[in-house]
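For reference, the chains in residue letters:
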Amino acid sequence: MSVQQRTSVKSILLTSRAFAELDEFFERELRDAGYGGLEIQKSPVGTTLKVYVARPGLAIGRRGTGIKELTEKLANRFQLPNPQIAVSEVLNPELNARIMAGRIAQIVSRGTAFRRAAMWTVNNIMSAGAAGVEVSINGKLRSDRSHGEKYRAGVVPKSGDTADRSVNEATTDVLLKLGLYGIKVKIALRDALPPDFAFKEELK
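Residues numbered from 1 in each chain as written. Predicted model: local features only at pLDDT ≥ 70, side-chain atom pairs only at ≥ 80, totals over all residues. Heavy atoms only, no water.

### Describing the nonpolar core
Operational definition: The set of buried Ala, Val, Leu, Ile, Met, Phe, Trp, Tyr and Cys residues whose side-chain atoms join them within 4.5 Å is what this entry labels a nonpolar core. Accessible area is worked out with a 1.4 Å probe on protein chains only. A residue is then buried under 20% of its type maximum, exposed over 50%, and partly exposed in between. Numbering of helices and strands starts at the N terminus; helices are DSSP runs of H or I of at least 4 residues and strands are runs of E of at least 2. In this analysis, two residues are considered to be in contact whenever any of their non-hydrogen atoms come within 4.5 Å of each other.
Ranked by internal contacts, the top residues of the largest apolar core, which has 24 residues, are Ile 104, Val 135, Ile 137, Val 185 and Ile 187. Elements with a minimum of two residues in this core: α4 (97-109), α5 (114-127), β4 (132-139), β6 (167-176) and β7 (179-188). For this core, the element with the highest residue contribution is α4, accounting for 7 residues. Filtering out sequence-adjacent residues up to four positions away, Val 135 remains in contact with Ile 104, Ala 118, Thr 121, Val 122, Glu 149, Lys 150, Tyr 151, Lys 184 and Val 185.

### Brief notes about the pattern of salt bridges
For clarity, the threshold we go by: Within this document, salt bridges are pairs made up of a side-chain nitrogen of Lys or Arg and a carboxyl oxygen of Asp or Glu, the two lying within 4 Å of each other.
For the structure on display, the rule yields 11 salt bridges. The closest approach of N and O atoms between Glu 21 and Arg 17, which form a salt bridge, is 3.3 Å. On the criterion of helical spacing, the pair formed by Glu 21 and Arg 17 is a turn pair, its members being 4 residues apart in helix α1 (residues 3-29). The exposure class assigned to Arg 17 is exposed, which follows from its relative accessible area of 57%. In this structure, Glu 149 engages Arg 115 in a salt bridge whose closest nitrogen and oxygen atoms are separated by 3.3 Å.

### Some points on the packing of aromatic side chains
For the record, the criterion: Only rings of Phe, Tyr and Trp enter the pairing, Trp through its six-membered ring, and a pair is recorded when the two centres are within 6.5 Å. The plane angle decides the type: under 30 degrees is stacked, over 60 is edge-to-face, the rest tilted.
Counting across every chain of the model gives 4 aromatic pairs. When the centroid spacing of 6.4 Å and the interplanar angle of 85° are considered together, the rings of Phe 114 and Tyr 181 count as edge-to-face. Placement of the pair is Phe 114 in helix α5 and Tyr 181 in strand β7, with a sequence separation of 67 residues. Taken individually, Phe 114 and Tyr 181 each receive the classification buried, so the pair is uniform in this respect. Following the ring pairs from residue to residue traces out a cluster consisting of Phe 25, Phe 26, Tyr 35 and Phe 78.

### Concerning the confidence of the model for the protein
Heads up, the condition is: Summary of the metric used: pLDDT quantifies the predictor's per-residue confidence within the range 0 to 100.
Averaged over all residues, the pLDDT of the protein equals 83, while 86% of them reach at least 70. Ranking the helices and strands of the protein by mean pLDDT puts α5 first, with 94, and α1 last, with 66. Predicted confidence for residues 1-13 stays below pLDDT 50, and this span has 2 contacts to residues more than four positions away or in other chains.

### Thoughts on the pairing of strand β2 (residues 46-53)
Basically, it comes down to this: A pair of strands is labelled paired if DSSP reports no fewer than 2 bridges between them.
Relative to β2, strand β1 (residues 35-43) runs antiparallel, the two being bridged by 8 bridges. Residue pairing in the sheet places Ile 40 in a bridge with Leu 49 of β2. Connecting β1 to the next strand, β2, in antiparallel fashion are 2 residues. Strand direction decides the pairing type here: β2 and strand β3 (residues 83-89), joined by 7 bridges, are parallel. Paired with Thr 48 across the strands is Gln 84, a residue of β3.

### Observations concerning the pairing of β6
Residues in a regular strand point their side chains to alternate faces of the sheet. Alignment of β6 against β7, held across 10 bridges, turns out to be antiparallel. Within β7, the residue paired with Glu 169 across the bridge is Lys 186. Hairpin connection between β6 and β7: a loop of 2 residues separates the two successive antiparallel strands.

### Quick word on unusual backbone geometry
Its identity as a non-glycine residue notwithstanding, Arg 63 has a phi of 55°, on the positive side. Mapped onto the elements of the fold, Arg 63 is located in the loop between α2 (56-60) and α3 (65-78). By relative accessible area, Arg 63 is classed as exposed at 81%.

Written as structure tokens, this is what we have:
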């Protein structure tokens, strides 16, 4: 590998790491607002970070106080010159895997049984028009022994180009009294499926 190639790889790794750290920062700070993702846009005058949330009002705060405090925290922690945060609403949060995984984490942290939280999520996602959904929860669910459970509805492509194009996937975790729960949500987006993809009803 040439020096130029090594430099390019290092640059990509540093960029990926910086994005991951920013993503984790916003996920923590905007958890209550329903954080759904991040886009970074750089320009000669500064950096604009476009965050997607389910409830923009909670992110912006009264008279913009929330977004101002968030911008100050961001600038101090990451040393970004003149950062700008743009808040964008997720119009259909039930089809955003990241938002729905966060909702499950919030629901079970308030004392709701994980099965009830998972089934509520599955039903809401399917009602929003998804082609399919799969919710996985792992941890010490009912005893001292760790195991996992899955809840499914519809059709979720597992591999290949169809899965890459149509499945929105996210993971998160939540710490409860019994231990750490790992939560994964996969949503098959009907509009993203290729035109030659067809549903076949299962014959009984």
